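# Coordinate analysis (summary)
Here's the letter readout for the chains.
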Amino acid sequence: ASDISNAIVGLTSNYRLGYGSFVDKPMMPFVLTDAEKVLFPCMGCKLPYAFLNSLPLSDNAANFNATINADTISGNFDTPEGTLDAMVQAAVCKTQIGWRSNARRVLLVATDARSHVAGDGKVLGIIRQNDGKCHLDSNNFYS
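What you see is a predicted model; the values in this text were computed from it and never measured. (Residues numbered from 1 in each chain as written. Predicted model: local features only at pLDDT ≥ 70, side-chain atom pairs only at ≥ 80, totals over all residues. Heavy atoms only, no water.)

## Considerations on the overall build of the chain
Along the chain, the regular secondary structure elements total five helices and two strands. Shown N-terminal to C-terminal, the secondary structure of the chain runs as helices and strands in the order α-β-α-β-α-α-α. Here the chain holds 143 residues, and the buried ones make up 32% of them. When contacts within the chain are restricted to residue pairs at least 6 apart in sequence, long-range pairs at least 24 apart make up 82% of them. Surface summary for the chain: the accessible area is close to 9100 Å², and the carbon and sulfur share equals 55%. (Helix = DSSP H or I, 4+ residues; strand = E, 2+ residues; numbered from the N terminus. Buried < 20%, exposed > 50% of the residue type's maximum accessible area, 1.4 Å probe, protein only. Contact = heavy atoms within 4.5 Å. Areas by Shrake-Rupley, 256 points an atom, 1.4 Å probe, with all protein chains shown as cover.)

Given below as structure tokens:
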């Protein structure tokens, strides 16, 4: 985290950093839904979720570093992840994320697996494409 923030702070004084994370749609077959796996998807993991805006954009690099360093992982059942759903929420939830109106917006995505693609949700009855609207709840989770 500090490598990222130090690089950005070294480039400009006009920056804002935030942090969000994603796993996958919290439904079978993307994540296991039996009671034990929902509560403990992997050793030391938190519950799976689609997207969480953990830190809205700010100019506090120390808070950015601390938020990332304190985060824990989660797990999903299938290999692809919900990357694109998370990116849409990060892009369209302007108020919750804290985007400035005339700023260049950059998302840095780090993942260990490929993303789901259009049509992967058909097995769940998800047949409509993403509506491009913000769906973050009051706890900043994608609902």
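## Digging into the nonpolar core
Ranked by size, the top nonpolar core spans 11 residues in total: F22, A50, F51, L57, A86, A90, C93, I97, W99, L136 and Y142. Only strand 2 (51–58) and helix 4 (83–92) provide two or more residues apiece to this core. Y19, L55, A61 and F64 belong to the second largest nonpolar core, which has six residues in total. (Core = buried A, V, L, I, M, F, W, Y, C linked by side-chain atoms within 4.5 Å.)

## Concerning helix 4
Owing to its 3.6 residues per turn, the α-helix brings residues three or four apart onto one side. Residues of helix 4 that are buried: T83, D85, A86, Q89 and A90. In a view along the axis of helix 4, the buried residues occupy a sector of 165 degrees, so they form one face of it. Packing partners of the buried residues in helix 4 comprise strand 1 (17–22), strand 2 and helix 5 (94–97). (Arc of directions from axis to C-beta.)

## Quick notes on the pairing of strand 2
With six of eight residues buried, strand 2 lies mostly within the body of the structure. As defined by bridge partners, strand 1 adjoins strand 2 across five bridges and the pair is classed as antiparallel. The partner of G20 across the bridge, within strand 2, is N53. (Pairing = 2+ DSSP bridges.)

## Details of the state of the cysteines
Taken as a whole, this structure holds one disulfide when the rule is applied. Two residues, C93 and C134, share a disulfide whose sulfurs are 2.1 Å apart. With the S-S dihedral at roughly 110 degrees, the linkage between C93 and C134 falls on the right-handed side. Of the two residues, C93 sits in the loop between helix 4 and helix 5 while C134 sits in the segment after helix 5, which places them 41 residues apart along the sequence. For C93, a relative accessible area of 0% translates into the label buried. (Disulfide = S-S within 2.5 Å.)

## Re the side chain of Q89
Looking at the secondary structure, you find Q89 in helix 4. Apart from the residues lying within four places of it in its own chain, the contact partners of Q89 are F51, I97, K133, C134, H135, L136 and Y142.

## Describing helix 3 (residues 61–70)
All of the buried residues along helix 3 are A61, F64, N65 and T67. Considered in projection along helix 3, the buried side chains sweep an arc of 165 degrees and stay on one side of the axis. Of the exposed residues in helix 3, those oriented more than 90 degrees away from the buried face are A62, N69 and A70. On its buried face, helix 3 is in contact with helix 1 (2–11), strand 1 and strand 2. Its side-chain oxygen 3.2 Å from the backbone nitrogen of A62, N60 forms the N-cap of helix 3. (Polar contact = N/O pair within 3.5 Å; in protein donor to acceptor, adjacent residues only side chain to side chain.)

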